[in-house]
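# Analysis of the macromolecular model
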Amino acid sequence: MGKAKKRSLHLGINDQFAKLTRLEAVQLVVEKLKKGDNDVYALITLFGLSAEEILEGGASYEAVKGLGGLLN
């Protein structure tokens with residue numbers, strides 16, 4: 001994890017977690033998409049996640065397609 005991400009997490013921008021790996025971020029995005037919560041934009045942009053990574057993580061095609069131009 002880079003310095004900027006560590007600082008952002010340390011400053012409390014994302015109080016939900018203290019340390020987050022890329023794999024955990026993908027899993028968290030997939031869980032939120034399955035629940036119907038579209039508040040995943042911050043995590044996707046923070047880690048630069050691709051549509052392929054999220055699909056491999058277990059998200060449905062429709063949920064990923066619904067994110068539109070946010071993903072590569």
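Fair warning: this is a prediction, and the values are worked out from it, not measured in the lab. (Residues numbered from 1 in each chain as written. Predicted model: local features only at pLDDT ≥ 70, side-chain atom pairs only at ≥ 80, totals over all residues. Heavy atoms only, no water.)

## Considering the pattern of salt bridges
Applying the stated rule across the entire model yields 1 salt bridge. With a shortest N-O distance of 3.0 Å, Glu 53 and Arg 22 are connected by a salt bridge. Of this pair, Glu 53 sits in helix α4 (residues 51-57) while Arg 22 is found in helix α2 (residues 22-35), placing the two residues 31 residues apart along the sequence. (Salt bridge = Lys/Arg side-chain N within 4 Å of Asp/Glu carboxyl O. Helix = DSSP H or I, 4+ residues; strand = E, 2+ residues; numbered from the N terminus.)

## What to know about the environment of Leu 33
Counting through the fold element by element, Leu 33 comes out in helix α2. Residue Leu 33 is classed as buried on the basis of its relative accessible area, which comes to 9%. In the structure, Leu 33 is positioned 25 residues away from Gly 58 in sequence and 9.9 Å away in space, judged by C-alpha atoms. The residues contacting Leu 33, other than those within four sequence positions of it, are Asn 38, Val 40, Ile 54, Ala 59, Ala 63 and Leu 67. (Buried < 20%, exposed > 50% of the residue type's maximum accessible area, 1.4 Å probe, protein only. Contact = heavy atoms within 4.5 Å.)

## Description of α2
The end-to-end C-alpha distance of α2 is 20 Å, a good match for the 20 Å that 14 residues give at a rise of 1.5 Å each. Along α2, the positions that sit buried rather than exposed are Ala 25, Val 26, Leu 28, Val 29, Val 30, Lys 32 and Leu 33. Among the structural elements, α3 (41-47), α4 and α5 (61-66) are those in contact with the buried residues of α2. (Expected span 1.5 Å × (residues − 1).)

## Examining the environment of Glu 52
With respect to the helices, strands and loops of the structure, Glu 52 is situated in helix α4. On the basis of relative accessibility, which here comes to 53%, the residue Glu 52 falls in the exposed class. In the structure, Glu 52 is positioned 19 residues away from Leu 71 in sequence and 9.1 Å away in space, judged by C-alpha atoms.

## Some words on the nonpolar core
Formed by 18 residues in total, the largest nonpolar core has its most connected members in Val 29, Leu 33, Ile 44, Leu 49, Ile 54 and Leu 71. Of all the elements in the fold, those that place two or more residues in this core are α2, α3 and α4. By residue number, the principal contributor to this core is α2, which donates 6 residues. With residues up to four places along the chain from it excluded, the contact list for Leu 71 reads Ile 44, Leu 49, Ser 50, Ala 51, Ile 54 and Val 64. (Core = buried A, V, L, I, M, F, W, Y, C linked by side-chain atoms within 4.5 Å.)

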